[in-house]
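Survey of secondary and tertiary structure
Residues per chain, in single letters:
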Amino acid sequence: MKNFVKNYWGFFPFAIYLLLQVVVSSVNKICGFQLRNMLVLFLYWFAVISILVIFLWVALSIYKGIRSKRVKGYNILDKLVLVLFALIGVFVVFFSVLICSFFNTEERIVTKNNIKMVASYNNFNEEKVNYYEYKNSFVYGKNLGFEIYLNSELKSPLSDDFNEKPISWIFYDLDGNVIDSSNNKNNKFKKIDLEVKENREKELVFNFSIDDFIYNYNKYYSDDKGSIYLKPSLNWQVNQLEKAVHSKYKMDEYRFKEDENKWSLPILSVYVPENSNYVEEVIVNFDDHGHTEEMYNIYEEICFYTLKVFFPDLPNDKIISLYKEINELAYEKTFPKEQDYDDDIVPYSVYIKGNVGVYPYYAVGDYVRLCIIPVNDETIKEFKEKGVNICEIQ
């Protein structure tokens, strides 16, 4: 036994770590308890140190083997082995610190709905705060709810100077019954103002900002998904245009793609006049060149929540039918390549409800577009004079 310990001492710390993980997992399954951040960090660094001890054991074993066998040039080779493993150790420590800082979890003891809870916020999930039943300083109990924030300032929602209100939340009692939710009718949710105004001569805009649009989109999305989809506008790509399709003035195009490294992902574009914060047009763009069912499903989902912002009172099945009909029309009435999306376009049909107009546009070689613009009586009259079909959304 002594020889075994002497020969394989380097693996003992990691074996203890694995044993501790088994104990933690068993307690979690039997009692439903989860470790607080302090113990999680302890186990994390115990694992890192255990790995370093294994590297040290391997390095010393190789070092002793080289010296005992008197390999040619062993005086240099044995030192190179120690230096190599020392560098590996430094890399492991650096990478471990990086992971620890990136996935750092912040906790705070709070009382909500007369229940003592642990509020937990992780840097990796910048928008969500989870709440757990308070047990003691080492473990917490069952999940009792969450809050989702837009977090436009990219701060910790648990910090004292964080002033945003959550856009979605749900809380349970200790028996699992919902006691508070953002879907509760008593919780007021400010929908966007769908009135239109003339920002500059013959330039219609919606009477809300891009941040209002993002807030409303994420509100509907988080109610369904438990997370947000759109990042704050300051994280969107911005292109400065000399003019737009429905405006002869300078315009800022805000473009959002969930992952910039995936070229086939749909793009959501919001056009904002250079001299204001109003929304002039919203477009959902789909690149049909790399058409896959997965990408098209994402496109349809963005269409759904975008239309939900503009038509909050329409039932979900009506919204689904609407975007499917509009997108089918885009493929049925495809325009030639020369008629790409520019200021002289004339859509085949425009779907109207109140001050909101929606139409598809797809030219060969370009994006499939679902476009949303502000309209008034004059706009509708101009469309009719150009031969555009006007469809009332019921």
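Computed from a predicted model, the values in this text were never measured in an experiment.

**Some thoughts on the sheet that holds strand β9 (residues 203-209)**
In space, the three strands of this open sheet follow the order β8-β9-β13, with antiparallel pairing throughout. Edge positions in the open sheet fall to β8 (196-200) and β13 (278-279), since each of these has one partner strand only. Here β8 pairs with β9 via four bridges, running antiparallel. Paired with K197 across the strands is V205, a residue of β9.

**Topic: the packing of aromatic side chains**
Summed over the entire model, instances satisfying the criterion amount to 28 aromatic pairs. An angle of 65 degrees between the planes, with centres 4.9 Å apart, marks the rings of F11 and W57 as edge-to-face. Here the residue F11 occupies a position in the loop between α1 (2-8) and α2 (12-31), and W57 occupies one in helix α3 (residues 37-69), the gap between them amounting to 46 residues. Overall, W57 belongs to the buried group, its relative accessible area being 14%. With a centroid separation of 5.1 Å and an interplanar angle of 55 degrees, the aromatic rings of F206 and F310 are classed as tilted. Of this pair, F206 sits in strand β9 while F310 is found in helix α6 (residues 293-310), placing the two residues 104 residues apart along the sequence. Like F206, the residue F310 is buried in the burial classification. Here the aromatic residues F206, F208, F213, Y217, Y221, Y229, W236, F256, F304, Y305 and F310 are joined through ring pairs into a cluster of three or more.

**Considering the pattern of salt bridges**
With the rule as written, the count across this model stands at 10 salt bridges. A salt bridge links E253 to R255, with the nearest nitrogen and oxygen atoms 3.2 Å apart. Considered together, E253 and R255 belong to a single accessibility category, that of buried residues.

**Digging into the pairing of strand β3 (residues 115-122)**
Successive side chains on a regular strand alternate, one facing one side of the sheet and the next facing the other. Within β3, six of the eight residues are buried, which leaves it mostly tucked inside the rest of the structure. In terms of strand pairing, strand β2 (residues 105-112) meets β3 through eight bridges, oriented antiparallel. Across the sheet, the residue bridging to K112 is I115, located in β3. Where β2 folds back onto β3 in an antiparallel hairpin, the turn is made up of two residues, including N113, whose phi is positive at roughly 55 degrees. Bridging between β3 and strand β4 (residues 128-134) involves five bridges; their strand directions are antiparallel. The partner of V118 across the bridge, within β4, is Y132.

Cut-offs and rules
- Residues numbered from 1 in each chain as written.
- Predicted model: local features only at pLDDT ≥ 70, side-chain atom pairs only at ≥ 80, totals over all residues.
- Heavy atoms only, no water.
- Pairing = 2+ DSSP bridges.
- Helix = DSSP H or I, 4+ residues; strand = E, 2+ residues; numbered from the N terminus.
- Phe/Tyr/Trp six-rings, centres within 6.5 Å; stacked < 30°, edge-to-face > 60°.
- Buried < 20%, exposed > 50% of the residue type's maximum accessible area, 1.4 Å probe, protein only.
- Salt bridge = Lys/Arg side-chain N within 4 Å of Asp/Glu carboxyl O.

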